[in-house]
Each structure stands twice: as structure tokens, then as C-alpha cells.
Amino acid sequence: MGGKRSGIVTEPLVVAENMSFHGIASEGAVVRTGGQLNLHGILDGDLEIQPGGRANVYGIVNGTIHNGGIVIVAGIVRGEVREGTLGAPVTVVGTGSWINGVERLEPSEPRG
């Protein structure tokens, strides 16, 4: 599903196109190859980004990010950010973001 989605979602959020999400997703999310998620709400559960997928986290992830694509964190991740071994994952964490309880005071260099 593409475009904008909002509200409370009680099934896993599957992103195969460009999607801007404003709301609460209670069962985690998967960003497929070619998909892009702009997360402005709350994601309860893990976020999986498959090779060729991208996520921009402006909200809160209450879980772990499993990154196989590209992720930019400008919000809060209450778990870890783990990079996969498939593809060429890139992780960028912005100043003022929180990862696993630790505030990022300086912007990160892209890893990947």
C-alpha cells in the first residue's frame, strides 16, 4: 500500500511503495525492496528493512530495527539497530536521536 496512512493498525505494516505513516502500528513493520516508509508515529514491534528498502524514522520504534537497506533515524528507537549481511545496508542517526536509551549528540557517519 502506498501514499499516506494514519490511525491505529493492528496487523503488521507491510510497505512495498512510498508510504507516510502517522499513527500507531501495534505489530511491527516490513519495508520490502523498492518500498519507503516515512514513520511519524509509533511502531510497537520490530522494523525490518529488506535490501532495496528505505525507512525514515521521525517517530518512535518500540523494538529493534533490522536494517538490510537504508534507515535514517531522527526519532527514538527503544531497541537496537542491527545491520544485516545481505545487500549493502546504510544506517544514519541524526543529532538528538535516541537509540537503545542513549542520546546521539553528534550526527553519525553513514555505516555501510
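In what follows, the structure referred to is the one given above.
To start, this report covers the structure provided alongside it. Computed from a prediction, not measured in an experiment: that's the story for all the values here.

### Let's talk about the overall build of the chain
Okay, so step 1: Regarding its fold elements, the chain presents zero helices and 16 strands.
Okay, so step 2: The C-alpha atoms of the chain give 13 Å as radius of gyration, which agrees with the globular expectation for 112 residues (13 Å, within 12%).
Okay, so step 3: Principal-axis analysis of the C-alpha atoms places the extent of the chain at approximately 35 × 25 × 20 Å.
Okay, so step 4: Looking at the chain as a whole, 41% of its 112 residues are labelled buried.
Okay, so step 5: Taking contacts inside the chain between residues at least 6 apart in sequence as the whole, the part at least 24 apart equals 3%.
Okay, so step 6: The distance from the centre of the 8 positive side-chain charges to the centre of the 11 negative ones in the chain is 3 Å.

### What to know about the environment of Val30
Okay, so step 1: With respect to the helices and strands, the residue Val30 is situated in strand S4 (residues 29-31).
Okay, so step 2: Val30 sits 14 residues away from Ala16 along the chain, and the two C-alpha atoms are 8.6 Å apart.
Okay, so step 3: Excluding anything up to four places from it in sequence, Val30 contacts Leu13, Val14, Val15, Glu48 and Gln50.

### Focus: unusual backbone geometry
Okay, so step 1: Look at Asn100: it is not a glycine, yet its phi comes out positive at around 50°.
Okay, so step 2: For Asn100, the location among the structural elements is in the loop between strand S15 (98-99) and strand S16 (102-103).

### Concerning the sheet that holds strand S13 (residues 81-83)
Okay, so step 1: Pairing in this open sheet of five strands is parallel, and the strands run S2-S4-S7-S10-S13 from one edge to the other. Two strands in the sheet have a free side with no partner beyond their single neighbour: strand S2 (13-15) and S13. Shown here is a sheet whose adjacent strand axes are inclined to one another by a mean of 10°, direction ignored.
Okay, so step 2: As defined by bridge partners, strand S7 (residues 47-49) adjoins strand S10 (residues 65-67) across three bridges and the pair is classed as parallel. Looking across to S10, one finds that Ile49 is bridged to Asn67.

Analysis parameters
- Note on numbering: residues in each chain are counted from 1, in written sequence order.
- Thresholds applied to this predicted model are a pLDDT of at least 70 for local features of residues and 80 or more for the giving and counting of side-chain atom pairs; totals over whole chains, interfaces and linings are not thresholded and use all residues.
- Heavy atoms from the whole structure form the basis of all side-chain values; hydrogens and water molecules are not counted.
- Helix and strand assignments come from DSSP, with helices taken as H or I runs of at least 4 residues and strands as E runs of at least 2, each series counted from the N terminus.
- For a compact globule the rule gives 2.2 Å times the number of residues to the power 0.38, and the radius of gyration it is set against comes from C-alpha atoms.
- Using a 1.4 Å probe on the protein chains alone, a residue whose accessible area is under 20% of its type maximum counts as buried, one over 50% counts as exposed, and one in between counts as partly exposed.
- Any two residues having at least one pair of non-hydrogen atoms within 4.5 Å are treated as being in contact.
- Counted charges follow a simple rule, with Lys and Arg positive, Asp and Glu negative, and His plus the chain ends left uncounted.
- In this description, the location of a charge corresponds to atom NZ of lysine, CZ of arginine, CG of aspartate or CD of glutamate.
- Only strands that DSSP links by at least two bridges are regarded as paired with each other.
- Lines fitted to C-alpha atoms define the axes here, with helix axes fitted over just the stretch in contact, and angles between the N-to-C directions of these axes take values from 0 to 180 degrees.

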